[in-house]
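What the coordinates show
Here is what each chain is made of, one letter per residue.
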Amino acid sequence: MIRPKALKKGDTIGLISASGATPPEKLQPAIASIEKLGLKVVVGETCHARHGYLAGTDDLRAADVHRMFSDPTIDGIFCIRGGYGATKILSQLDFDMIRANPKVFAGYSDVTALHIAFNQLCGFVTYHTPMPSTEFIRQEMDDFTWQSFMQQVMDNEPNEFYLANPAAQPMTTLVAGKASGQLIGGNLTLVTASLGTPYEIDTRGKILFLEDIDETEQRVDRMLTQIQLAGKLDDVAGILLGAWTECGPENPEKPDHSLSLQMIFEEILVPVGKPILADIACGHCLPTMSLPLGRTITMDADNQRVQVMR
């Protein structure tokens, strides 16, 4: 996997949305949050556009991705937000051109669709990170989250380092053991949506990271079952489970009518028999760590350690 050149102060960021429309009142604060890092910002058309719930038409969103990858003056690309829509532009993207111009590409949630495609079809590392209009501008944005973000996109030269939770948030072992493999995945909904398409996630010999938000436990069960039935757990090397924000019972007043997430994981994932670490501080949460998707990691579920190898 190609590791894009790390960003440095003075570099220029292309700011885009391949997914949902950006609330106008959040655009300038988002730009300012990037500039505080010592980076310059070129704002894509999609940051101003709206087509219903999308950041402009599919053509416009694909064109913004192309513009930022093809422009040699753009050093990295940040997705300003998630939402919905990245999957819709995959068939329009010029992966040959993108492959020839690897750059730091950062975002998460709906951006998972692009992470999977760029990792598999373009062969370069991408970064699962918080985003300018959704986390960067929040008062709760904390030092742990900033430091993890900066380590990934502006200090990504070290060959080996640990991905560690905040001190007060221990990881949890669901299945003991050790495993090594390429780190892949992201949002469960988007991973599931890739199945049956030309952009289907390849989990063979890899470490699969999953997280989600605003899904009932029943829907989490359904999506994990679909991944299982699609054979995506058969040859996985290991599994990391992140935050499951607001993923609870459909009817909180009748908890006995649902299965807890813990029960779902134990019934679907644990029998796979591969090492599993849960409660990774990553996803739709703060604090949250940033992840280098596409890099090789080693997970030690016995000692709750995750190390980036190369």
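This one's a predicted model, so the numbers in the text were calculated from it and none came from an experiment.

1. Notes on the overall build of the chain
Secondary structure assignment for the chain yields nine helices and 14 strands. Over its C-alpha trace the chain gives a radius of gyration of 18 Å, about what one expects of a compact globule, namely 19 Å for 310 residues. In terms of principal-axis extent, the alpha carbons of the chain reach across some 50 × 40 × 40 Å. Of all 310 residues assigned to the chain, the portion counted as buried reaches 56%. At a minimum sequence separation of 6, the contacts of the chain that also span at least 24 residues come to 80%. As presented, the chain carries roughly 12700 Å² of accessible surface, and 49% of it is formed by carbon and sulfur atoms. Separation of charge centres in the chain, based on 26 positive and 38 negative side chains, amounts to 6 Å.

2. Notes on the pattern of salt bridges
Applying the stated criterion to the full structure yields ten salt bridges. Ionic pairing is found between Arg-99 and Asp-96, a salt bridge with its closest N-O pair at 2.8 Å. In this pair, Arg-99 and Asp-96 are both assigned in helix 3 (residues 95–99), three residues apart and thus about one turn of the helix distant. Put simply, Asp-302 and Lys-178 hold a salt bridge, and the shortest N to O gap is 3.5 Å. With Asp-302 in the loop between strand 13 (296–300) and strand 14 (305–308) and Lys-178 in strand 8 (residues 178–187), the pair connects residues that are 124 residues apart, well separated along the chain. We classify Asp-302 as partly exposed; its relative accessible area is 39%. The class for Lys-178 is exposed, based on a relative accessible area of 58%. Among the charged side chains, a salt-bridge network with shared partners connects Asp-58, Arg-61 and Lys-88.

3. Some points on the sheet that holds strand 2 (residues 40–43)
Judged by pairing direction, the sheet is mixed, and its six strands sit side by side in the order 2-1-3-4-5-12 without closing on themselves. For this open sheet the edge positions go to strand 2 and strand 12 (291–293), each flanked by a neighbour on one side alone. This sheet shows a mean twist of 25° between the axes of neighbouring strands, independent of strand direction. With four bridges joining them, strand 1 (residues 12–16) and strand 3 (residues 76–79) adopt parallel strand pairing. Its bridge partner lying in strand 3, Ile-16 is registered against Cys-79. Set on the sheet, helix 4 (residues 112–122) makes contact with strand 4 (104–107), strand 5 (126–128) and strand 12; between it and strand 5 the angle comes to about 155°.

4. Observations regarding the pairing of strand 3
Side chains Gly-76 and Phe-78 of strand 3 all project onto a buried face; the interleaved residues Ile-77 and Cys-79 project onto the opposite face, where all are buried too. Bridging between strand 3 and strand 4 involves three bridges; their strand directions are parallel. Bridge pairing links Phe-78 to Ala-106 in strand 4.

5. Examining the packing of helix 8 (residues 217–229) against helix 9 (residues 261–269)
At a closest axis distance of 10 Å, the pairing of helix 8 and helix 9 adopts a crossing angle of 15°. With respect to helix 9, the element helix 8 is oriented roughly parallel. Seen along the crossing, helix 8 lies across helix 9 with a hand that is right-handed. Contacts between helix 8 and helix 9 pair Glu-217, Val-220, Asp-221, Leu-224, Thr-225 and Gln-228 from the former with Leu-261, Ile-264, Phe-265, Ile-268 and Leu-269 from the latter.

6. Description of the packing of aromatic side chains
The relative placement of two aromatic rings is captured by the distance of their centres and the angle of their planes. For the structure shown, the criterion picks out 13 aromatic pairs. An angle of 45° between the planes, with centres 6.1 Å apart, marks the rings of Phe-95 and Tyr-199 as tilted. Of this pair, Phe-95 sits in helix 3 while Tyr-199 sits in the loop between helix 7 (188–193) and strand 9 (207–213), and the two are 104 residues apart along the sequence. In this structure Tyr-199 comes out as buried when scored by relative accessible area, which is 18%. A centroid spacing of 4.8 Å and a plane angle of 45° characterise the contact between Phe-136 and Trp-146, whose relative ring orientation is tilted. A residue pair is termed long-range when its members are at least 10 positions apart, and Phe-136 in helix 5 (residues 132–136) and Trp-146 in helix 6 (residues 143–154) qualify at ten residues. This pair shows no difference in class: Phe-136 is buried, exactly as Trp-146 is.

The rules behind the values
Think of each chain on its own: its residues are numbered from 1, step by step along the sequence as written. For a predicted model such as this one, the threshold for reporting local features is a pLDDT of at least 70, and the threshold for listing and counting side-chain atom pairs is 80 or more; totals across whole chains, interfaces and linings nevertheless cover every residue. By convention in this description, side-chain values take in all heavy atoms of the structure and omit both hydrogens and water. Working definition: helices are DSSP H or I runs of at least four residues, strands are E runs of at least two. Numbering for both runs from the N terminus. Taken over C-alpha atoms, the radius of gyration is set against a globule rule of 2.2 Å times the number of residues to the power 0.38. The cut-offs for exposure are 20% and 50% of the maximum accessible area for each residue type, with area from a 1.4 Å probe on protein chains only; residues under the lower value are buried, those over the upper are exposed, and the others partly exposed. Residue contacts are counted whenever heavy atoms from the two residues lie within 4.5 Å of one another. Reported accessibility uses the Shrake-Rupley method at a 1.4 Å probe radius. Residues are deemed covered only where the shown protein chains occlude them. The charge count treats Lys and Arg as positive and Asp and Glu as negative. His and the chain ends do not count. Here the site of a charge means atom NZ of a Lys, CZ of an Arg, CG of an Asp or CD of a Glu. Salt bridge, as used here: a side-chain nitrogen of Lys or Arg that lies within 4 Å of a carboxyl oxygen of Asp or Glu. Here, any two strands with at least 2 DSSP bridges between them count as paired. Lines fitted to the C-alpha atoms define the axes, with helices restricted to the stretch that makes contact. Angles between their N-to-C directions range from 0 to 180 degrees. An angle below 35 degrees is read as roughly parallel, one above 145 as roughly antiparallel, one from 65 to 115 as roughly perpendicular, and any other as oblique. Should the near helix be turned counterclockwise from the far one by less than a right angle, the crossing is left-handed, whereas a clockwise turn marks it as right-handed. Two rings belonging to Phe, Tyr or Trp (six-membered ring only in the last case) form a pair when the distance between their centres is within 6.5 Å. Interplanar angles under 30 degrees mark stacking, angles over 60 mark edge-to-face geometry, and anything in between is tilted.

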